[in-house]
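Structural description and commentary
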Amino acid sequence: LDTLRKSGGTQFLGYETTSADGEVVGIIAQGQLAASFDKVGEQIGVVLNRTPFYGEAGGQVGDTGKLSGSGFEFAVQDTQRDGELLVHIGTLTSGKLSVGAKVNAAADASRREGIRRAHSATHILHHALRKYLGENATQRGSKVQQDELRFDFAHAKGLSHEELIQIEDEINARIADGAPVTTTVMPIAEAKKLGAMALFGEKYPDNVRVVRIGEFSTELCGGT
């Protein structure tokens, strides 16, 4: 993939849309770059110059969906990252795929909506844990998928029944409030001044994406 990396990364359009036009810049079949591919059903990786598909990162699963163009269709079963590249992993369902082909990339929008709900819920849960358990109850990992989440956090002991009820009530109250979710890209120093929570062990670039929910949650986050 070094050859592809040298030509620059994939432009990610998924914050604004789940469907976009692009061009095939790389086909990875059996660990090798290929100029074209026509074997229906064999799993390969496809790299586009631009895509709305989210590559798995920060606990959020990769998007699924479909790539289609003149005379071919490709089912995307997962999207992964390789440095700055986004790799659509899946199978050709019809036709022939070639480097340079124009494609329409359409991520599964209803699945993405479910992932968005679960990701917002993750931020609200993080807020509730810190409110009732203290500032040390910080995130140590998560998995965000369609309408389902897993959240790992540091705490000295298991939660009591009363604490669980408090946390649930807080989350439900915040959801009922319907506070606006806003995202802003800013220098990391400015984000830290805002009190944005950074995740344990994560490395951040000079400019970061800050996701705020109402007045109660401010986190550095690259998810949707």
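Our structure's up above, just so we're on the same page.
The rules we used
Residues numbered from 1 in each chain as written. Predicted model: local features only at pLDDT ≥ 70, side-chain atom pairs only at ≥ 80, totals over all residues. Heavy atoms only, no water. Helix = DSSP H or I, 4+ residues; strand = E, 2+ residues; numbered from the N terminus. Buried < 20%, exposed > 50% of the residue type's maximum accessible area, 1.4 Å probe, protein only. Contact = heavy atoms within 4.5 Å. Lys, Arg positive; Asp, Glu negative; His and termini not counted. Charge placed at Lys NZ, Arg CZ, Asp CG, Glu CD. Phe/Tyr/Trp six-rings, centres within 6.5 Å; stacked < 30°, edge-to-face > 60°. Pairing = 2+ DSSP bridges. Axes fitted to C-alpha atoms, helices over the stretch in contact; angles between N-to-C directions. Salt bridge = Lys/Arg side-chain N within 4 Å of Asp/Glu carboxyl O. Core = buried A, V, L, I, M, F, W, Y, C linked by side-chain atoms within 4.5 Å. Expected span 1.5 Å × (residues − 1). Arc of directions from axis to C-beta.

What follows is about the overall build of the protein chain. Looking only at helices and strands, the protein chain has four helices and 16 strands in total. Based on the C-alpha atoms only, the size of the protein chain along its principal axes is roughly 60 × 35 × 30 Å. In the protein chain, which comprises 224 residues, the share counted as buried stands at 39%. The long-range fraction of contacts in the protein chain, counting pairs at least 24 apart against all pairs at least 6 apart in sequence, stands at 64%. Counting 24 positive and 29 negative side-chain charges, the protein chain places the averaged centre of each group 4 Å from the other.

The subject of this paragraph is the packing of aromatic side chains. Per the counting criterion, the structure on display carries three aromatic pairs. Judged by centre distance (5.0 Å) and plane angle (85°), the rings of Phe-12 and Tyr-15 are edge-to-face. Each ring, one from Phe-12 and one from Tyr-54, has its centre 5.9 Å from the other, and the planes form 70°; the classification is edge-to-face. Here Phe-12, found in strand β1 (residues 11-12), pairs with Tyr-54, found in the loop between β6 (50-51) and β7 (65-69); they are 42 residues apart in sequence, far enough to count as distant. For Tyr-54, a relative accessible area of 3% gives the class buried.

Let's shift gears to the sheet that holds strand β15 (residues 207-213). Pairing is antiparallel across the open sheet formed by three strands, whose spatial order is β14-β15-β16. Looking at which strands have only one partner, the edges of the open sheet turn out to be β14 (181-187) and β16 (217-220). Strand-to-strand twist of the sheet, defined as the mean angle between neighbouring strand axes without regard to direction, takes the value 25°. As defined by bridge partners, β14 adjoins β15 across seven bridges and the pair is classed as antiparallel. For Thr-183, the partnering residue across the bridge sits in β15 and is Val-211. Against the sheet, helix α2 (residues 109-133) contacts β15 and β16, and its axis sits at roughly 75° relative to β15.

On to the pattern of salt bridges, then. Taken as a whole, this structure holds ten salt bridges when the rule is applied. The salt bridge partner of Asp-63 is Arg-112, with a shortest N-O separation of 2.8 Å. Highlighted residues: Asp-63 in the loop between β6 and β7 and Arg-112 in helix α2, separated in sequence by 49 residues. Neither residue differs from the other here; Asp-63 and Arg-112 are each classed as buried. By sharing partners, the salt bridges in this structure join Lys-131, Glu-170, Arg-174 and Asp-177 into a single network.

A few words on the nonpolar core. In terms of nonpolar packing, the biggest core is built from 18 residues, with Val-24, Ile-44, Val-46, Leu-48, Leu-67, Phe-74 and Leu-97 touching the most fellow members. At the level of elements, β2 (19-29), β5 (43-48), β8 (72-82) and β11 (102-107) are the ones that each hand at least two residues to this core. Residue contacts for Ile-44: discarding those within four places in its chain leaves Ile-27, Ile-28, Ala-29, Phe-37, Phe-74, His-88, Ile-89, Gly-90 and Leu-97. One finds Ile-124, Leu-125, Ala-128 and Leu-129 within the second-largest nonpolar core, a separate group that totals ten residues.

Here the focus is the side chain of Arg-130. Note that Arg-130 resides in helix α2. For Arg-130, the residues in contact, after removing those within four places along its chain, are Glu-135, Ala-137, Thr-138 and Met-197.

Okay, helix α3 (residues 161-177) next. Given a rise of 1.5 Å per residue, 17 residues ought to cover 24 Å, and the 24 Å separating the end C-alpha atoms of α3 matches this to within 8%. Within the sequence span of α3, burial applies to Glu-163, Ile-167, Glu-170, Ile-171 and Arg-174. Taken end-on, α3 shows its buried residues confined to a sector of 95°, consistent with a single buried face. Away from its buried face, by an angle of more than 90 degrees, α3 presents the exposed residues His-161, Glu-162 and Ala-176. Residues of α3 that are buried in the fold lie against α2. Once α3 finishes, Gly-178 follows within two positions and takes phi at roughly 65°, a positive value.

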